[in-house]
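Each chain, written out:
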Amino acid sequence: MSAEKKGLVFQKVGIFVDAENIETSGWKHHNGRTDYKKILEAVGDREIIRIIYYKPQFKEISNEFEIFWSRMGGETKRPVKNADCFLIIDAVTMAEKLDVVIILGGDKDYLPLIWYLKSRGCRTEIWAWPEATSSEMQQAADAFFPLTKDYIIPGQTGTPTRPKP
């Protein structure tokens, strides 16, 4: 990836994380938790203007993750239901201030967003698990960065623990 991003140092980047899509796909296809720190490091020397994590209110976020996310400079938005609308509105609203929009998630609902951002002059990148991202999404974005097992937190694989009823 680094060779492909060479020369992009001066780009202003917004990162929009569809937490449910990324985390569910990480568990389903790689049996582990997504390593957000490694993903942010892979963005390289580009300037991250905003990084927003979207997760519905009815889904739990651990205190440990909240502290980690805050230290990474991220913010969290907790819609009542689906996060797609929140992510889309934020990306559209910030498009004028960004050179690159990175969407962490392969949800096909983001196709119109990609088309809009490209029409506004933003470079679009989809960073997602290829097993959960349609070829149409991969082709629509300016770049597709497939997440691999390298983006699973070491030692965090296995069956997710769920509270007993």
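Refer to the preceding data block for the structure.
We now turn to the structure provided with this report.

## Examining the overall build of the protein chain
Consideration 1: For the protein chain, the count of helices and strands is seven helices and eight strands.
Consideration 2: With 165 residues in all, the protein chain has 45% of them scored as buried.
Consideration 3: In the protein chain, 64% of the contacts between residues at least 6 apart in sequence involve partners at least 24 apart.

## With respect to the sheet that holds strand β1 (residues 12-18)
Consideration 1: The six strands lie next to each other as β4-β3-β1-β5-β6-β7, forming an open sheet whose pairing is parallel. Across the chains shown, the open sheet's two edge strands, defined by having one partner strand only, are β4 (75-77) and β7 (143-146). If you compare each strand with its neighbour and ignore which way they point, the axes differ by 20 degrees on average.
Consideration 2: Across the sheet, helix α2 (residues 19-30) touches β1, β3 (47-54), β5 (100-104) and β6 (123-128), and the angle it forms with β1 is around 65 degrees.
Consideration 3: Packed on one face of the sheet, helix α4 (residues 63-71) meets β1, β3 and β4 and runs near 160 degrees to β3.

## Regarding the environment of G106
Consideration 1: Summarising the element assignment, G106 is placed in the loop between β5 and α6 (111-119).
Consideration 2: Under the relative-accessibility criterion, G106 is labelled buried at 5%.
Consideration 3: Sequence separation between G106 and T133 is 27 residues; the distance between their C-alpha atoms is 4.5 Å.
Consideration 4: Leave out the neighbours within four places in its chain, and G106 touches N21, I126, A128, A132, T133, S134 and M137.

## Comments concerning the pattern of salt bridges
Consideration 1: If you walk through the whole model with that rule in mind, you get nine salt bridges.
Consideration 2: The salt bridge partner of D142 is K118, with a shortest N-O separation of 3.8 Å. In this pair, D142 sits in the loop between α7 (135-140) and β7 while K118 sits in helix α6, placing the two residues 24 residues apart along the sequence.
Consideration 3: Linking R123 and E125 is a salt bridge whose minimum nitrogen-to-oxygen distance equals 2.9 Å.
Consideration 4: A relative accessible area of 0% places E125 in the buried class.
Consideration 5: Through salt bridges with shared partners, a single network forms among R46, R123 and E125.

## Let's talk about the nonpolar core
Consideration 1: If you look at the biggest cluster of nonpolar residues, it comprises 48 residues, and the most contacted ones within it are I15, F16, Y36 and L104.
Consideration 2: Ranked by residues supplied to this core, first place goes to β5 with five residues.
Consideration 3: With near-sequence residues (within four places) excluded, Y36 lies in contact with V17, A19, I22, E23, Y53, F65, F68, W69 and L104.

## Quick look at helix α5 (residues 84-94)
Consideration 1: Turning to α5, its buried residues are D84, L87, D90, A91 and M94. Buried residues along α5 cover an arc of 140 degrees about the axis, so they all sit on one side. Relative to its buried face, α5 has exposed residues pointing more than 90 degrees away, namely C85, I89 and T93.
Consideration 2: The inward-facing, buried residues of α5 contact β1, β3, β4 and α6.

## Regarding α2
Think of an α-helix as 3.6 residues a turn; residues three or four steps apart then line up on the same face.
Consideration 1: Look at α2: 16 Å from first C-alpha to last across twelve residues, which is about the 16 Å you get at 1.5 Å a residue.
Consideration 2: Buried within α2 are the following residues: A19, N21, I22, E23, S25, G26 and H30.
Consideration 3: Following α2 by one or two positions, N31 adopts a phi angle in the positive range, close to 55 degrees.

Reading guide: rules and limits
- Residues numbered from 1 in each chain as written.
- Predicted model: local features only at pLDDT ≥ 70, side-chain atom pairs only at ≥ 80, totals over all residues.
- Heavy atoms only, no water.
- Helix = DSSP H or I, 4+ residues; strand = E, 2+ residues; numbered from the N terminus.
- Buried < 20%, exposed > 50% of the residue type's maximum accessible area, 1.4 Å probe, protein only.
- Contact = heavy atoms within 4.5 Å.
- Pairing = 2+ DSSP bridges.
- Axes fitted to C-alpha atoms, helices over the stretch in contact; angles between N-to-C directions.
- Salt bridge = Lys/Arg side-chain N within 4 Å of Asp/Glu carboxyl O.
- Core = buried A, V, L, I, M, F, W, Y, C linked by side-chain atoms within 4.5 Å.
- Arc of directions from axis to C-beta.
- Expected span 1.5 Å × (residues − 1).

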